[in-house]
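Listed here are the chains, written in short residue letters.
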Amino acid sequence: MLATDDKDFGTPERKSDKLVTLEVDGCSVTVPEGTSVMRAAALADIAIPKLCATDSLEAFGSCRLCLIEIDGRNGVPASCTTVAEPGMKVRTQSERLAKLRRNVMELYMSDHPLDPFECKAGGRCELHEMARVVGLEHVRYNHGGRDHLALEIDDSNPYFSFDPTRCILCSRCIRACDERQGTFALTIDGRGFDSLMSPGQHQHYSESECVSCGACVQACPTDALMEKTLLEKGPADRALITTCGYCGVGCSFKAEVRGDEVVRMVPNKNGLPNHGHSCVKGRFAWGYATHPDRVRKPMIRQRITDPWQEVPWDEALNYAASELKRVQAKYGCGSLGGISSSRCTNEEAYLVQKLVRAGFGNNNIDTCARVCHSPTGYGLKAALGTPAGTQDFDSVLASNVIMVIGANPTEGHPVFASIMKRRLREGARLVVVDPRRVDLVRMPHVEADYFLQLKPGTNVALLNAMSHVIVTEGLAQEEFVRARCEPREYERWRDFIVQPRNSPETAEQMTCVPAEAIRGAARLYARGPNSAIYYGLGVTEHSQGSTAVLAMINLAMVTGNLGRPGVGINPLRGQNNVQGSNDIGSFPHEYSGYRHVSDPQVRSAFEHEWGVTLDAEPGLRIPNMFDAALDGSFKGLYVEGEDIAQSDPNSQHVAEALAAMEIVIVHDIFLNETARFAHVFLPGSSFLEKNGTFTNAERRISMVRKVLPPLAGMEDWEVTCALARAFGYPMNYSHPSEIMDELARLTPIFAGISYEKLERLGSIQWPCNDGAPEGTPVMHVGEFVRGKGRFMPTEYIPTDERTTPRYPLILTTGRVLTQYNVGTQTRRTKNVTWYEEDRLEIHPHDAEQRGIRDNDWVELSSRAGSILLRAELTERMQPGVVYTTFHYPETTANVVTTENSDWATNCPEYKVTAVQVLRTSRRPERRTAEHILHAAAV
């Protein structure tokens, strides 16, 4: 799909049931009440000159180009700030207006090159376009007078430059930073002629609070703010709309291309869910796609200690297939399995699970979603009937109270965080629950009403205490519960939740959160009236992850906060297609649409479509595959797009398991940590080199379009098909649209989805079927998918991972804004400018006790292993808790995490590990596969 019309209407759209009719240049226009005259004119295809106005920002009225005349009124008001009124008669063109606009434009150009050929923005410069529109041909002013043309360019940001000599002080960049991003990093510094746009106070961009989201660059009407790639490569000759390959927000972008090179990625103004906004990763960190480290040819080797040998595609695929068949013949049908990735498309993940089930003949298929949000699926399906978030992202704009628990959206989901911050600036109330003081607790124009800084591992105790307050203080929405929930289960849960062991006073002893703060947060949430919960891996990656999800659902049901905009249970998915990889059947016990493999009717439909008899027994989960490998019964693994050696817990255990297998096939774009244990490497394609779809955290299915030819010659879905054919199970498709058609035939929630409909609508939120032909933004309206909502008692059971005299601290983990997951992509971009290594955050009190100073090297050890990294002293942490990220393989953070996992789903307990931190003189070393195995043996 080519880029759509980006017509700028000058001011934002207004929504109102009341309409007003006015006349613009003799044309009758009817618009919603509150619409500006500028927008009304644009809707009638009457263009009014403008510079400071754009429809993504509120009207500012500073440039004075958009002047109009109104019958019966004196003066020439700005059309951007003038609201349309009934019967108003507006003139946008007259001799007086033309003269005023030329004079204003002449003043702008007196401090700016008049020749458009000198403009670095080429045909994109609005300033030169407006000069042409108003008929300005020469400038009478500033011949030898003062100007700004000698100011220095700020090149400190790795992705864009700021040339103050081209700035016209329209404030669009500042307003974009304030209104769109909510960072408030830019300002006008100085007075009068000395006024300059400035990041911070007399700072360069690199020194300021700028988060490099690109909103200022997008908003700039001149060539003052420009992407460096655009300056280096020149303007694009075409653009395609695609979907970002980073987090679970799933932003829509225009990929602008020149020849076979991407020039820049521009957030799609008309795209959902981002509405033309972006973050530093999606906007700028796409250079990894052409990084020199990309593997472009297949490779094989007999032993993991042998060097890699490049071979043609056919040889690699035939070798991989022959080894898979050899292993299966020797060890049995269940000796093989596959792991798919949440970074791959729906169609690619669907083919991997199809290869395993229909080709290998078992259900040993799992996905990296196992290690992040599998408790989300379990809890939401058990209580409500559908294992997915209940709202669209825009729903937050109708929220009165927002509770963020175990999530850090400004770092992990920054575009959604910008939408949320906008609502908070408008007056919504905020509750933050986290062991670490995340930015959302207090930032410009945003401050949490309650920050519940709990002890890691005690989410369930705190959530139960909130429900206890709501029920015992008569704040429950009994009418909603009677109409929408199972009465017997509610009574059983109510009897459980009112017991003293669930009171805030008892919870305070376990969570270290004051009882009164818990009571206050509970009352605020219950009284909403629209209260929404947003949560992340700080909820799910616990031994009681599934229990915590159920506890949040109980909280939402008892207060009636489900089934309408502004409310709901909303998981913030970490990767671009976590939701989709679950939806299409990547778990060992479920086919697509979350239907169990033991269901004969469901299985029969797949058998008919795939032409084979399928196994009715659930297969191995990822941890079970590792255990079986060490037991000698699991010997072959196909891993597409996932780096389990770095991302899974207890890395030494994973390394031992991989080394015990006889055939490991890694299908990826880089030689990652897992490839150290591989016998076959199949080069993959980046999101820019393939067609398909991603499904984001709000169930939105969006198109991924091939912008560049695959560097290795094949898209990933083609590679999996070729491997299946070589193995003896033909999977023949000519385009991913055919894979989606098959998925839709087999999956009721996808029954109405096709590429044709996605092209037409732009994106679709499932379920999409006869009952919802264009998708479902808000789930559970009127009734829950399972019929009646199910309350479930959620007993708090402390984790087995306890502090001891030897390991007196608790480690929890997370991510930072500029890096992504295990860093495979972002480490190969200029994002390393901001974060070049994993660090250990530690409270100054804990550091002082251990003689640790800021930037010291420390050894972080647990009962599973130890790692080395630098310390960062910060009061973000509470005493007794330390924090690190897992973006760099040199750190190998998951060496110290343990095998503890969620009771229902085996999701690892990354967020609670008992550790010790000591100062050290040692330094980390880059470890080979042999080193890892030797350490494991020791």
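This one's a predicted model, so the numbers in the text were calculated from it and none came from an experiment.

1. With respect to the overall build of the protein chain
Move 1: What the protein chain contains, in helices and strands, is 29 helices and 36 strands.
Move 2: Relative to the globule expectation of 30 Å for 938 residues, the C-alpha radius of gyration of the protein chain, 29 Å, shows essentially globular dimensions.
Move 3: The C-alpha extent of the protein chain, read off along each of the three principal axes, is 90 × 70 × 65 Å.
Move 4: When the 938 residues of the protein chain are sorted by exposure, 64% land in the buried category.
Move 5: Long-range contacts, defined here as pairs at least 24 residues apart, represent 72% of the contacts in the protein chain between residues at least 6 apart.
Move 6: Per element, the accessible surface of the protein chain, about 34200 Å² overall, is 49% carbon and sulfur.
Move 7: Across the protein chain, the mean location of the 101 positive side-chain charges is 2 Å away from that of the 118 negative side-chain charges.

2. Topic: the sheet that holds strand β10 (residues 252-258)
Move 1: The sheet built from three strands is open, its strands ordered β9-β10-β11 with antiparallel pairing. Of all the strands in the sheet, the pair left with one neighbour each is β9 (238-243) and β11 (261-267). Between one strand and the next, the sheet's axes are offset by a mean angle of 30 degrees, whatever the strand orientation.
Move 2: Both β9 and β10 contribute to a ladder of six bridges, which runs antiparallel. Paired with threonine 242 across the two strands is phenylalanine 253, which belongs to β10.

3. Comments concerning the pairing of strand β1 (residues 19-24)
Move 1: Of the two faces of β1, the one holding Val20, Leu22 and Val24 is buried and the one holding Leu19, Thr21 and Glu23 is not buried anywhere.
Move 2: In this structure, β1 lies alongside strand β2 (residues 27-32), joined through six bridges in antiparallel fashion. Across the sheet, valine 20 pairs through a bridge with valine 31, a residue of β2.
Move 3: A loop of two residues connects β1 with β2, the two strands running antiparallel in sequence, and aspartate 25 in this loop sits at a positive phi of about 50 degrees.

4. Quick look at the packing of helix α9 (residues 346-360) against helix α26 (residues 736-746)
Move 1: Packing of α9 against α26 brings their axes to within 9 Å, and their N-to-C directions diverge by 65 degrees. The angle between the axes of α9 and α26 places the two elements in the roughly perpendicular class. Note that α9 runs across α26; the crossing there is left-handed. Where α9 abuts α26, its residues Glu347, Tyr350, Leu351 and Lys354 lie against Pro736, Ile739, Met740, Glu742, Leu743 and Leu746.
Move 2: Taken together, the residues of the contact of α9 with α26 sort by class into seven nonpolar, no polar and three charged.

5. What about the sheet that holds strand β28 (residues 692-695)?
Move 1: The strand order across the open sheet built from three strands is β28-β29-β30, with neighbouring strands paired in antiparallel fashion. At either margin of the open sheet sits one strand with a lone partner, and together these are β28 and β30 (763-765). Averaged over all neighbouring strand pairs, the angle between strand axes comes to 30 degrees, with direction disregarded.
Move 2: As judged from the four bridges shared by β28 and strand β29 (residues 700-704), these two strands associate in the antiparallel manner. Note on β29: the bridge partner recorded for glycine 692 is valine 704.
Move 3: Together, β28 and β29 form the strand contacts of α9, whose direction differs from that of β28 by roughly 95 degrees.

6. What to know about empty space enclosed by the protein
Move 1: One pass over the full model with this rule turns up nine cavities of 30 Å³ or more.
Move 2: What lines the largest cavity is a set of 30 residues, and nearest its centre among them are Gly406, Ala407, Gly538, Thr813 and Lys911.
Move 3: The set of elements that each furnish at least two residues to the lining of the largest cavity consists of α18 (537-540) and β31 (809-814).
Move 4: In the lining of the largest cavity, the residues fall into eleven nonpolar, 14 polar and five charged.

7. Concerning helix α12 (residues 414-425)
Move 1: Here α12 spans 16 Å end to end across twelve residues, near enough to the 16 Å set by a 1.5 Å rise per residue.
Move 2: Burial analysis of α12 places ten of its twelve residues in the buried class, the great majority of the element.
Move 3: Every buried residue belonging to α12 is among Pro414, Val415, Phe416, Ala417, Ser418, Ile419, Met420, Lys421, Arg423 and Leu424, and all of these are buried.
Move 4: Of the residues trailing α12, glycine 427 is marked for its positive phi of about 125 degrees.

8. As for the packing of aromatic side chains
Move 1: A full pass over the atoms with the stated rule returns 20 aromatic pairs.
Move 2: Summarising the aromatic geometry, the rings of phenylalanine 416 and tyrosine 534 are spaced 4.9 Å apart at their centres and angled 40 degrees between planes, so their arrangement reads as tilted. With phenylalanine 416 in helix α12 and tyrosine 534 in strand β21 (residues 531-535), this residue pair connects regions lying 118 residues apart in the sequence. Here phenylalanine 416 and tyrosine 534 have matching classes, each one buried.
Move 3: One aromatic cluster in this structure is built from Tyr159, Phe160, Phe162, Tyr205, Phe284 and Trp834.
Move 4: For arginine 827, the ring lying beneath its charged end belongs to tyrosine 888, and the centroid distance is 5.9 Å.

Calculation rules
Residues numbered from 1 in each chain as written. Predicted model: local features only at pLDDT ≥ 70, side-chain atom pairs only at ≥ 80, totals over all residues. Heavy atoms only, no water. Helix = DSSP H or I, 4+ residues; strand = E, 2+ residues; numbered from the N terminus. Rg over C-alpha atoms; globule rule 2.2 N^0.38 Å. Buried < 20%, exposed > 50% of the residue type's maximum accessible area, 1.4 Å probe, protein only. Contact = heavy atoms within 4.5 Å. Areas by Shrake-Rupley, 256 points an atom, 1.4 Å probe, with all protein chains shown as cover. Lys, Arg positive; Asp, Glu negative; His and termini not counted. Charge placed at Lys NZ, Arg CZ, Asp CG, Glu CD. Pairing = 2+ DSSP bridges. Axes fitted to C-alpha atoms, helices over the stretch in contact; angles between N-to-C directions. Parallel < 35°, antiparallel > 145°, perpendicular 65-115°, else oblique. Left-handed = near helix turned anticlockwise from the far one by under 90°. Nonpolar A, V, L, I, M, F, W, Y, C, P; charged D, E, K, R; others polar. 1 Å grid on protein atoms, 1.4 Å probe; cavity = no way out; pocket = protein on both sides within 12 Å on 5 of 7 lines; lining within 4 Å. Points joined across faces, edges and corners; volume = space filled by probe spheres on them. Expected span 1.5 Å × (residues − 1). Phe/Tyr/Trp six-rings, centres within 6.5 Å; stacked < 30°, edge-to-face > 60°. Lys NZ or Arg CZ within 6 Å of the ring centre and 35° of its normal.

Read these as layout, nothing more, since geometry by itself doesn't imply function.
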